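Overview (structure and organization)
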Amino acid sequence: MQSPLKVGKDTLLDPNAIEYQWIRNLTSEGVPQHQINHVIQHCLGGTPQIADLLRQIALKQSSIHELLKQL
């Protein structure tokens with residue numbers, strides 16, 4: 001069962017949001033991307049695709065506009 005995304009638009013639009021910093025930290029610690037996506041989904045909600053987009057946005061591999069299209 002998918003849960004709704006637990007962060008608001010203001011957070012999503014802020015590249016310095018603690019959520020993005022947390023994702024970057026997990027990456028720098030060497031956590032595999034599938035585990036990061038799982039943790040994002042568990043903690044912040046959303047679908048597997050949303051979790052992957054959040055990870056990519058945090059790492060500057062995707063644009064926030066891609067995420068906003070899916071919400």
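How each quantity is defined
Residues numbered from 1 in each chain as written. Predicted model: local features only at pLDDT ≥ 70, side-chain atom pairs only at ≥ 80, totals over all residues. Heavy atoms only, no water. 1 Å grid on protein atoms, 1.4 Å probe; cavity = no way out; pocket = protein on both sides within 12 Å on 5 of 7 lines; lining within 4 Å. Points joined across faces, edges and corners; volume = space filled by probe spheres on them. Helix = DSSP H or I, 4+ residues; strand = E, 2+ residues; numbered from the N terminus. Nonpolar A, V, L, I, M, F, W, Y, C, P; charged D, E, K, R; others polar. Buried < 20%, exposed > 50% of the residue type's maximum accessible area, 1.4 Å probe, protein only. Contact = heavy atoms within 4.5 Å. pLDDT = per-residue confidence, 0-100. Salt bridge = Lys/Arg side-chain N within 4 Å of Asp/Glu carboxyl O.

We now examine empty space enclosed by the protein. The gaps left among the atoms become clear once a water-sized probe is rolled over them. Under the defined criterion, the tally for this structure stands at one cavity of 30 Å³ or more. Taken as a whole, the largest cavity holds about 40 Å³ of empty space. Around the largest cavity, the lining residues are Val 7, Thr 11, Leu 12, Glu 19, Tyr 20, Ile 23, Leu 44 and Leu 54. Mapped by element, the contributors of at least two residues to the lining of the largest cavity are helix H1 (9–13) and helix H2 (18–28). A per-element tally of the lining of the largest cavity places H2 first, with three residues. The residue inventory of the lining of the largest cavity, partitioned by class, reads six nonpolar, one polar and one charged.

Time to look at helix H4 (residues 48–58). Counting buried residues in H4 gives eight out of eleven residues, a clear majority hidden from the surface. Listing the buried residues of H4 in full gives Ile 50, Ala 51, Leu 53, Leu 54, Arg 55, Gln 56, Ile 57 and Ala 58. In the core, the buried residues of H4 are packed alongside H1, H2, helix H3 (33–44) and helix H5 (64–70). Following H4 by one or two positions, Lys 60 has its phi on the positive side, about 60 degrees.

What follows concerns the confidence of the model for the protein chain. In the predicted model, the protein chain carries a mean pLDDT of 93, and the fraction of residues at 70 or more is 97%. Taking the mean pLDDT of every element in the protein chain, the minimum, 88, falls on H5 and the maximum, 98, on H2.

Our focus in this paragraph is the pattern of salt bridges. The full count for this structure, using the stated rule, is two salt bridges. Linking Asp 52 and Arg 55 is a salt bridge whose minimum nitrogen-to-oxygen distance equals 2.6 Å. In this pair, Asp 52 and Arg 55 are both assigned in helix H4, three residues apart and thus about one turn of the helix distant. On the basis of relative accessibility, which here comes to 5%, the residue Arg 55 falls in the buried class. With its nearest N and O atoms 3.2 Å apart, the salt bridge here joins Glu 66 to Lys 69. Of this pair, Glu 66 and Lys 69 are both found in helix H5, three residues apart, which corresponds to roughly one turn of the helix. When its relative accessible area of 36% is taken as the criterion, Glu 66 is described as partly exposed.

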